[in-house]
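Spelled out from the first residue to the last, the chains are:
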Amino acid sequence: MKRELNFIVSAFILIMLTQTGCRKAPAPAEEIRAEISDTVPKALPARPLSGDFKKYWYSGVAELNSYELEQARYGELRDGEAVLIYVTEPFDLEKQVKADLPGEKSTSVLKLNRVRKFMTGVYPYSIMSSIFYPVSDNQHALKVTTSVQEWCGHAYTQVNRGEEFEIVSHSYFEAEADQNLSLPLTLLEDELWTRIRFEPDALPAGDMEVIPSLEYLRLKHRPIKSYKATGTLSEPGETRTYTLTYPGLNRTLQIHFEGTFPYRIEGWTETFQAGFRTGSGMITSTAKRKKTLMTPYWQKNSREDESLRDSLGLRLK
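Report follows, based on the coordinates. The written sequence of each chain sets the order in which its residues are numbered from 1. Note on the predicted model: pLDDT of at least 70 is required for a residue's local features to be given, and 80 or more for side-chain atom pairs to be given and counted; whole-chain, interface and lining totals, by contrast, use all residues. The side-chain figures draw on all heavy atoms in the structure; neither hydrogens nor water molecules are used.

Further remarks concern the overall build of the protein. A run of H or I in DSSP counts as a helix once it spans at least four residues, and a run of E counts as a strand once it spans at least two, with each numbered from the N terminus. On a plain count of helices and strands, the protein comes out with six helices and 16 strands. Counting across all 317 residues of the protein, residues that qualify as buried make up 44%. Two residues form a contact once any of their heavy atoms are found within 4.5 Å. Partitioning the contacts of the protein with sequence separation of at least 6, the portion at a separation of at least 24 is 48%. As presented, the protein carries roughly 17900 Å² of accessible surface, and 56% of it is formed by carbon and sulfur atoms. Using a 1.4 Å probe on the protein chains alone, a residue whose accessible area is under 20% of its type maximum counts as buried, one over 50% counts as exposed, and one in between counts as partly exposed. Residue burial considers only the protein chains on display, and all accessible areas are found by Shrake-Rupley using a 1.4 Å probe.

Structure, rendered in structure tokens:
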């Protein structure tokens, strides 16, 4: 009996040793991280910057564009003005703000500040969005912010790009209030306004998921998420148009721009439901470029510099 028991124990130990010997040894931590990184989509190669791009965008000035605006709000068209301010600047990748001093932790971005002002009856609206898009033109915008001010209150939304889009939103409406959410990385409508300035033929086309502009989502009180959309680009010509259509939102955005470098934005049209209820009819906001001025506007802050507003044809304060 003892002999049989020893045989069974020995056989069991042999089996265990054999199985252990066949089992693959645990991978080092470095190998595990490498395997994980292989499953994460990598950024496309940085797009080389042309000599024309460098000369135009790194000349120490900003591009200021003024627009005559007809903005749809509360089912009516409102006269207003818009300004698109484009400028390159260093962006701190850790703090997600403009870098005071360029360094290893910063990258160059083409920043767009998009401003719209219009009246609704007795009270005004002021809307501003800032888009920080890397000049490498190979990844999504690094940051987008939008603020809306009017006499009922003000609201603010911020998107920061990490492994996902991290979003913070504040509103004076109870149903929206304060929100913190994350969304998978996908196309931002707001970044299209900067991507056009690089290479329009590289703009995304066909059916896709898009996060609409933060301005639209705020004004129409839509959930912050991606929606199905279709993008199309017109044929080459003196002026070209990029069209983004959202079937589920019953909305179409068209951005009109110069057909050759520097691809200045000539204007836009945005068609959507006039009211907040289905069947309320459609209405279209339009903007047409008035003037363009190349200047270091951040240095033009004295009273005598107010004449530059006349150069841009701006009336509203």
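Time to look at the pairing of strand β14 (residues 251-258). Counted residue by residue, β14 has six buried out of eight residues, so it is predominantly covered. The rule for pairing is simple: two strands pair if DSSP sees at least two bridges between them. Sheet topology places strand β13 (residues 239-246) next to β14; eight bridges connect them, and they run antiparallel. Its bridge partner lying in β14, L244 is registered against L253. In textbook terms, the turn of a hairpin is the stretch between consecutive antiparallel strands, and for β13 and β14 this stretch comprises four residues, one of which, N250, has a positive phi near 55°. As paired elements, β14 and strand β15 (residues 265-273) share six bridges and run antiparallel to each other. Bridging across to β15, L253 finds its partner in E270. Between β14 and the antiparallel strand that follows it, β15, lie six residues; Y263 among them carries a positive phi value of about 60°.

Note on aromatic pairs: each is described by the distance of the centres and the angle between the planes. To pair, rings of Phe, Tyr and Trp, with the six-membered ring standing in for Trp, must have centres within 6.5 Å; the planes then decide the type, stacked if under 30 degrees apart, edge-to-face if over 60, and tilted in the middle. What the rule picks out here adds up to 17 aromatic pairs. Aromatic side chains F118 and Y125 sit 5.1 Å apart centroid to centroid with 5° between the ring planes, which places their arrangement in the stacked category. Assigned by exposure class, F118 and Y125 land together as buried. Judged by centre distance (6.3 Å) and plane angle (65°), the ring pair of Y216 and F272 falls under edge-to-face. In this pair, Y216 is assigned in helix α5 (residues 214-219) and F272 in strand β15, connecting sequence segments 56 residues apart. Of the two residues, Y216 and F272, both sit in the buried class. By way of ring pairs, the aromatic residues F53, Y56, W57, Y86, Y133, F198, F261 and Y263 are connected into one cluster. Definition used: whenever NZ (Lys) or CZ (Arg) falls within 6 Å of the ring centre and also within 35 degrees of the ring normal, the charge is taken to sit over that ring. One residue, R114, lies across the ring of W193, its end atom 5.0 Å from the ring centre.

Whenever Lys or Arg places a side-chain nitrogen within 4 Å of a carboxyl oxygen from Asp or Glu, that contact is recorded as a salt bridge. On inspection of all chains with the given rule, the structure shows 20 salt bridges. For R197, the salt bridge goes to E63, with nearest N and O atoms at 2.8 Å. Of this pair, R197 sits in the loop between α4 (189-195) and β11 (206-211) while E63 sits in strand β1 (residues 62-73), and the two are 134 residues apart along the sequence. Like R197, the residue E63 is buried in the burial classification. Note that R315 and E81 form a salt bridge whose closest N and O atoms lie 3.7 Å from each other. One end of the pair, R315, is in the segment after α6 (307-311); the other, E81, is in strand β2 (residues 76-92), with 234 residues separating them in the sequence. Take R315: its relative accessible area is 48%, and that puts it in the partly exposed class. A residue is classified by how much of its surface remains accessible, and E81, at 5% relative accessible area, is buried.

Membership of the largest hydrophobic core comes to 56 residues, with the highest contact counts inside it found for L84, Y86, W193, I265 and W268. In terms of residues, this core owes the most to one element, strand β5 (residues 123-134), which gives five residues. Among residues more than four places away in sequence, those in contact with I265 are Y67, L84, Y86, W193, I196, R197, I255, H256, F257 and R289. With eight residues, the next largest nonpolar core counts I85, V115, L312 and L314 among its residues. Residues belong to one nonpolar core when they are buried, are Ala, Val, Leu, Ile, Met, Phe, Trp, Tyr or Cys, and are joined through side-chain atoms within 4.5 Å.

A word on the environment of R161. Position of R161 among the secondary structure elements: in strand β7 (residues 153-161). Each C-alpha atom of the pair R161 and Q96 lies 9.0 Å from the other, and the pair is 65 residues apart in sequence. Residues contacting R161, with those up to four places away along its chain left out, are Q96, Q139, H140, A141, L142 and L185.

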